[in-house]
2 protein chains.
Amino acid sequence: MKGKIFIIEDEASIIQLVQLNLEKEGFIVASSLNGNEGLKELKKFEPNLLLLDWMLPDLSGIDVCKNIRKDNNFKNLPIIMLTAKGEEEDKIKGLESGVDDYITKPFSFNELSARIKAVLRRSDPNIVANDLIFEDLKLDRIEKRVFRDEKEIQLGPTEFRLLEFFLTNPKRVYSRDQILETVWPNNINVESRTIDVHIRRLRQSINIKDKKELIRTVRSSGYSLV
Amino acid sequence: MKGKIFIIEDEASIIQLVQLNLEKEGFIVASSLNGNEGLKELKKFEPNLLLLDWMLPDLSGIDVCKNIRKDNNFKNLPIIMLTAKGEEEDKIKGLESGVDDYITKPFSFNELSARIKAVLRRSDPNIVANDLIFEDLKLDRIEKRVFRDEKEIQLGPTEFRLLEFFLTNPKRVYSRDQILETVWPNNINVESRTIDVHIRRLRQSINIKDKKELIRTVRSSGYSLV
DNA sequence: TCTTAATGTTACAGAAATATTACAAATTAA
DNA sequence: TTAATTTGTAATATTTCTGTAACATTAAGA
């Protein structure tokens, strides 16, 4: 689970609880305590899913929602609304503002987690899939194994994460910065050229004689899986 | 696992979650959203175990429980009570109304599943698989014995639980944290390195000369049985 | 073609993760 | 109680991985 989740919610304790648990499941999480700031940060963060509180100090959840749907880049961002019990549930249910699901507080983390995965399974299947497959390449997240052409390949931890990252979005070109942000543990600073070396190592491991190169270099932009 | 489990619980989302997962494990599941109807259907369904919510719209969990115990056909039906956190835990604990176990929401499905099996193992041993088998390794939960290649192996209690844990999900890689959470008694704090030592002990016991290593180390991720 | 910036390649030292060992404290059996 | 077993940890050894620097190669524009 390498997806990014953004939380807009004014109760810090809820954020903390949810964030901690989501991170334990491998998600990358960022959050904001109010709507306006949240909107700004969210667009920088580019999450795969948004957890949005219904009642916010400045904007209402609906306002945030509308704003997001107006933005072409986030038209399809999956949103799960968090509401207090009884809090105008009907309105939300009926609401056609493009909420993908909603959940009433207090909720168990398991319930939330299940819904997040259900929503992601629809919108972004690779994020929750156990097996990532691309052509003759297969990565098993549960058993932590990688195969090319049925044959198992040994990868170091970083190369594994790197490949996992590419596999969630094959063909897409990622800049070194993007790779760094997602593949490396938070707050770690490494030289951007370091990525080149890991790309090299990954290439060496997954390439088979007589088979085409799987990682494409896009000069001045980054790398991608092809 | 071919037992039948009945659920009485008013939150549909919980039923859904639990039912789905139990069915995945091979149980046959039926459910009801309230007490009176539940009692009727339960008696038709004849489950091997009942999951019973403490707070129901009509009857309380206790009422349901008493009713069941009065019925000769269900005097011994194992019951696991579901309670919300803090919700009169003490009452239930002290309660001699014949509840076999109870679990507080929010719970993880794994926790629930483990308790269900523990209760069934006592009441209805044939329903639960008592022998865990993987290749030439066999673990008998009832007699607490382990065999490799027909030959019995002596394990300390911790190594036994550790192996039992790996056997419930062979091949899957578990992090040290996950192992700790599941294999060690709750709320006990042990150094995460301690696991390495127990892994070593387990390896030493179950490995046979000329046979392949059974425990795989996955650097930066954990261990698994292979 | 030459120049330059970007990427590829290599080797290596230090870091990080895991394995192993020994031992004292805790627990259980006798 | 004593003896035997089991446990957790700390210390040490070993293995594997990582990041960087230095040098090589390539691509693209002047």
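Quick notes on the rules
Residues numbered from 1 in each chain as written. Chains lettered and ligands numbered in written order. Predicted model: local features only at pLDDT ≥ 70, side-chain atom pairs only at ≥ 80, totals over all residues. Heavy atoms only, no water. Axes fitted to C-alpha atoms, helices over the stretch in contact; angles between N-to-C directions. Helix = DSSP H or I, 4+ residues; strand = E, 2+ residues; numbered from the N terminus. Left-handed = near helix turned anticlockwise from the far one by under 90°. Contact = heavy atoms within 4.5 Å. Nonpolar A, V, L, I, M, F, W, Y, C, P; charged D, E, K, R; others polar. Near = heavy atom within 4 Å. Polar contact = N/O pair within 3.5 Å; in protein donor to acceptor, adjacent residues only side chain to side chain. Buried < 20%, exposed > 50% of the residue type's maximum accessible area, 1.4 Å probe, protein only. Pairing = 2+ DSSP bridges.

Caption draft 1: View of the packing of helix H6 (residues 157-168) of chain B against helix H7 (residues 176-183) of chain B. Residue and element names in this part refer to chain B. In contact at an axis separation of 10 Å, H6 and H7 are set at 115° when each is read in the N-to-C sense. For H6 against H7, the interelement crossing comes out right-handed. Residues Thr 158, Arg 161, Leu 162, Phe 165 and Phe 166 of H6 form the contact with H7, whose own contacting residues are Gln 178, Ile 179, Thr 182 and Val 183. Class assignment for the residues of the contact of H6 with H7 results in five nonpolar, three polar and one charged.

Caption draft 2: Fine view of the protein's contact with DNA strand C. Close to DNA strand C lie 24 residues, the nearest being Arg 200, Thr 217 and Tyr 223 of chain A together with Arg 200 and Tyr 223 of chain B. Here the atoms of DNA strand C within 4 Å of the protein split so that 59% fall in sugar or phosphate, with bases taking the remainder. Within the side chain of Arg 176 of chain A, an N or O atom sits 3.3 Å from a phosphate oxygen of DNA strand C. Tyr 223 of chain B is positioned with one of its side-chain polar atoms (N or O) 2.6 Å from a phosphate oxygen of DNA strand C. Elements with a contribution of two residues or more to the surface near DNA strand C: helix H9 (193-206) and strand S10 (215-218) of chain A together with helix H8 (193-206) and strand S10 (215-218) of chain B. For the surface near DNA strand C, the class distribution of residues is six nonpolar, four polar and 14 charged.

Caption draft 3: Focus on the protein's contact with DNA strand D. The environment of DNA strand D is formed by 23 residues, the closest being Thr 158, His 198 and Arg 201 of chain A together with His 198 and Arg 201 of chain B. Within 4 Å of the protein, the contacting atoms of DNA strand D are 67% sugar and phosphate, with bases supplying the remainder. Here Glu 191 of chain A contributes a backbone N or O atom positioned 2.8 Å from a phosphate oxygen of DNA strand D. Between DNA strand D and Arg 201 of chain B, the relevant distance is 2.6 Å, taken from a base oxygen to a side-chain nitrogen or oxygen of the residue.

Caption draft 4: Geometry of the side chain of Ser 224 of chain A. Residue and element names in this part refer to chain A. By secondary structure assignment, the location of Ser 224 is in strand S11 (residues 222-225). We classify Ser 224 as buried; its relative accessible area is 0%. Excluding its chain neighbours within four sequence positions, the residues that come into contact with Ser 224 are Phe 166, Lys 171, Arg 172, Val 173, Leu 214, Ile 215 and Arg 216.

Caption draft 5: Spotlight on the sheet that holds strand S9 (residues 151-153) of chain A. Residue and element names in this part refer to chain A. As summarised here, the arrangement of the four strands in space is S6-S7-S8-S9, forming an open sheet in which the pairing is antiparallel. The two strands at the open ends of the sheet, each matched to only one other strand, are strand S6 (131-134) and S9. The average undirected angle you get between the axes of adjacent strands in this sheet is 25°. Sheet topology note: the S6/strand S7 (residues 137-140) ladder contains four bridges and is antiparallel. Its bridge partner lying in S7, Leu 132 is registered against Leu 139. Packed on one face of the sheet, helix H7 (residues 157-168) meets S6, S7 and strand S8 (145-148) and runs near 115° to S7.

In short, geometric facts, not functional conclusions.
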